[in-house]
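Geometric and topological summary
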Amino acid sequence: MSIVYWSDAQRGQIWQAWLAQVAPDIDMYLWPETGDPDKVRYLVTWEIPDNLLTRFPHLEVIFSVGAGADQFTANQVPHGINVVRMIEPGLMDDMAAYITFSVISLHRGMPRYLRQQQQQQWLKHEAIAASRCRIGLLGFGNLGQASAQVLTTLGYPCSGWSRTQKHIEAVTSYFGDDQLADFLSSCDILVCLLPLTDLTRGLLNRDLFKQLPKGACLVHAGRGQQLNHQDLLDALDSGQISHAIIDVTDPEPLQADHPFWTHPSIWLTPHIASETHAETSVKVLLDNIRRHQQGLTMVGLVDMKRGY
Ligand code: NAP
Ligand code: GLV
């Protein structure tokens, strides 16, 4: 039984060395090495290669190297093959840190203070208590909950919006389309951590922005296709949104003349909010392979019909 790994070589080498020590019954090959293709049961990748079942006729599971699985379309995944996405502590900690950094920067007025520095202006503004800055996590799954855990510790009132109701201490749960408007009206800083699906594509648009309190901020670390760029620019122009921190765009990178690069009220980062850590994720991979071998449900199993 073997695994083929088809992604970042440095991470692959760390995984290969660790698995060789702790799971000598599993052979891991780094693409283009595959060993005997008939023995390959697991593929770890970001993209699905062409002719998947011709290459690996006994493949059983595709593991995404990332938290998202939207890069795999349902018709690329042969019937009967499971898809599993990455849920691992390194990736969750990084996202919680990125969201916390963004929230604190916005709450403490850093965009304005950086502009003042450029103008050599020494001017203090009233500091609002964290308890008066309401954070809304649009998409309240693994990454949203990991972020809320840190933010509530810092005193920020948090709410989360998801498809199904959540019961998380100190966080208000809103769920379903019917509760979206109430959720949005209670967000001084809206953080998008939704997966990309047919239902979330284009969701960050004019209609949604106008349901936020005037002058709210946006942090977008979901997927680029969820955001309507022109609608964000209009919302910034009108003051409906006062500042946006954007980590994901469509396309990535944006064209050289795209207004986001130079907009005074946008901070743009190149899809770095969080990444899979080699050391922590390999343990999660092995645990899932063992679960699969024992006929147990794997952690992070994707429902391809639902899209996440
Ligand atoms: P997750 O655990 O699957 O959480 C997704 C959340 O979104 C869940 O709460 C889900 O609700 C909710 N949701 C999905 N569709 C919805 C809909 N139509 N209406 C309402 N709620 C909906 O995923 P995750 O691990 O937190 O990751 C979230 C996303 O973050 C990834 O898919 C990826 O796009 C993005 N990401 C970005 C980076 C980066 O560096 N920028 C890194 C990693 C991940 P239920 O819980 O009720 O199903
Ligand atoms: C990164 O965006 C991921 O999905 O892990």
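Remember, it's a predicted structure, so these values are computed and weren't measured experimentally. (Residues numbered from 1 in each chain as written. Chains lettered and ligands numbered in written order. Predicted model: local features only at pLDDT ≥ 70, side-chain atom pairs only at ≥ 80, totals over all residues. Heavy atoms only, no water.)

A closer look at the site of ligand 2
Convention followed: When we say a residue is near a molecule or strand, we mean one of its heavy atoms is within 4 Å of it. Identification of polar contacts relies on pairs of N or O atoms within 3.5 Å, with a donor-acceptor requirement for protein atoms, meaning one able to donate a hydrogen and the other able to accept it, and with residues adjacent in sequence counted only if both atoms are side-chain atoms. We get accessible surface area from the Shrake-Rupley algorithm with a probe of 1.4 Å; when it comes to residues, only the shown protein chains can shield them. Residue polarity is assigned by list, with Asp, Glu, Lys and Arg as charged and Ala, Val, Leu, Ile, Met, Phe, Trp, Tyr, Cys and Pro as nonpolar; anything else, Gly included, falls into the polar class.
Every residue lining ligand 2 is accounted for by Trp46, Gly66, Ala67, Gly68, Arg223 and His271. Here an oxygen atom of ligand 2 and a backbone polar atom of Ala67 are 2.7 Å apart. Within the side chain of His271, one N or O atom sits 2.6 Å away from an oxygen atom of ligand 2. Look at ligand 2: alone it shows 190 Å² of surface, and the protein chains cover 84% of it. Across the shell around ligand 2, the residue classes break down as 2 nonpolar, 3 polar and 1 charged.

Considerations on helix 5 (residues 142-153)
Here is the rule: Numbered from the N terminus, helices here are DSSP runs of H or I no shorter than four residues, and strands are runs of E no shorter than two. In this analysis, the expected span of each helix is defined as 1.5 Å times one less than the number of residues it contains. Buried means the residue's accessible area, taken with a 1.4 Å probe over protein chains only, is under 20% of the maximum for its type, while exposed means over 50%, and partly exposed covers the values in between. Only heavy atoms enter the contact rule, under which two residues are in contact if any of them lie within 4.5 Å.
If you check helix 5, its first and last C-alpha atoms are 17 Å apart, about what 12 residues at 1.5 Å a residue would give, namely 16 Å. Taken together, the buried positions of helix 5 are Leu143, Gly144, Ala146, Ser147, Ala148 and Leu151. Looking at the packing, one finds that the buried side of helix 5 touches helix 3 (89-107), strand 6 (135-138), strand 7 (158-162) and strand 8 (171-175). Phi turns positive, to about 95 degrees, at Gly155, one or two residues after helix 5.

Examining the pattern of salt bridges
Under the convention used in this document: In the sections that follow, a salt bridge refers to a side-chain nitrogen of Lys or Arg positioned within 4 Å of a carboxyl oxygen of Asp or Glu.
All chains considered together, the criterion is met by 8 salt bridges. Of the charged contacts in the structure, one is a salt bridge between Arg134 and Asp188, with a shortest N-O distance of 2.9 Å. Here Arg134 is found in the loop between helix 4 (110-118) and strand 6, whereas its partner Asp188 is found in the loop between helix 6 (180-184) and strand 9 (189-192), with 54 residues between them in sequence. Given a relative accessible area of 33%, Arg134 falls into the partly exposed group.

Thoughts on a nonpolar patch on the surface
Applied cut-off: To count toward a patch, a residue needs a relative accessible area over 30% and no salt bridge; like charges are then connected within 9 Å, while nonpolar side chains (Val, Leu, Ile, Met, Phe, Trp, Tyr) are connected within 5 Å.
Nonpolar side chains collect at one region of the surface, where Ile104, Val150 and Leu154 lie side by side and expose about 210 Å² of accessible area between them. On the secondary structure map, Val150 appears in helix 5.

A short note on the sheet that holds strand 1 (residues 2-6)
Rule in force here: We call two strands paired when DSSP finds no fewer than two bridges between them. For helices, the fitted axis covers only the stretch in contact; all axes are lines through C-alpha atoms, and the angles between them, taken along N-to-C directions, range from 0 to 180 degrees.
Taking strand neighbours across the sheet as the criterion, the 5 strands line up as 2-1-3-4-5 in an open arrangement whose pairing is parallel. In this open sheet, the two edge strands, each paired with only one partner strand, are strand 2 (27-30) and strand 5 (82-84). Ignoring strand direction, the axes of neighbouring strands in this sheet form an average angle of 20 degrees. Sheet analysis places strand 3 (residues 40-45) next to strand 4 (residues 61-64), joined by 4 bridges and oriented parallel. Note on strand 4: the bridge partner recorded for Thr45 is Ser64.

Things to note about the nonpolar core
Going by this rule: Nonpolar cores are built from buried Ala, Val, Leu, Ile, Met, Phe, Trp, Tyr and Cys residues. Side-chain atoms within 4.5 Å join them into one set.
Counting 28 residues, the largest nonpolar core has Leu138, Phe183, Leu190, Leu204, Phe209, Leu218 and Leu232 as the members making the most contacts within it. Of all the secondary-structure elements, those providing two or more residues to this core are helix 6, strand 9, helix 7 (206-209), strand 10 (216-220), helix 8 (229-238) and strand 11 (241-246). A total of 4 residues in this core trace back to one element, the largest contributor, which is helix 8. Tyr98, Val103, Leu106 and Ala221 belong to the second-largest nonpolar core, a separate cluster that totals 25 residues.

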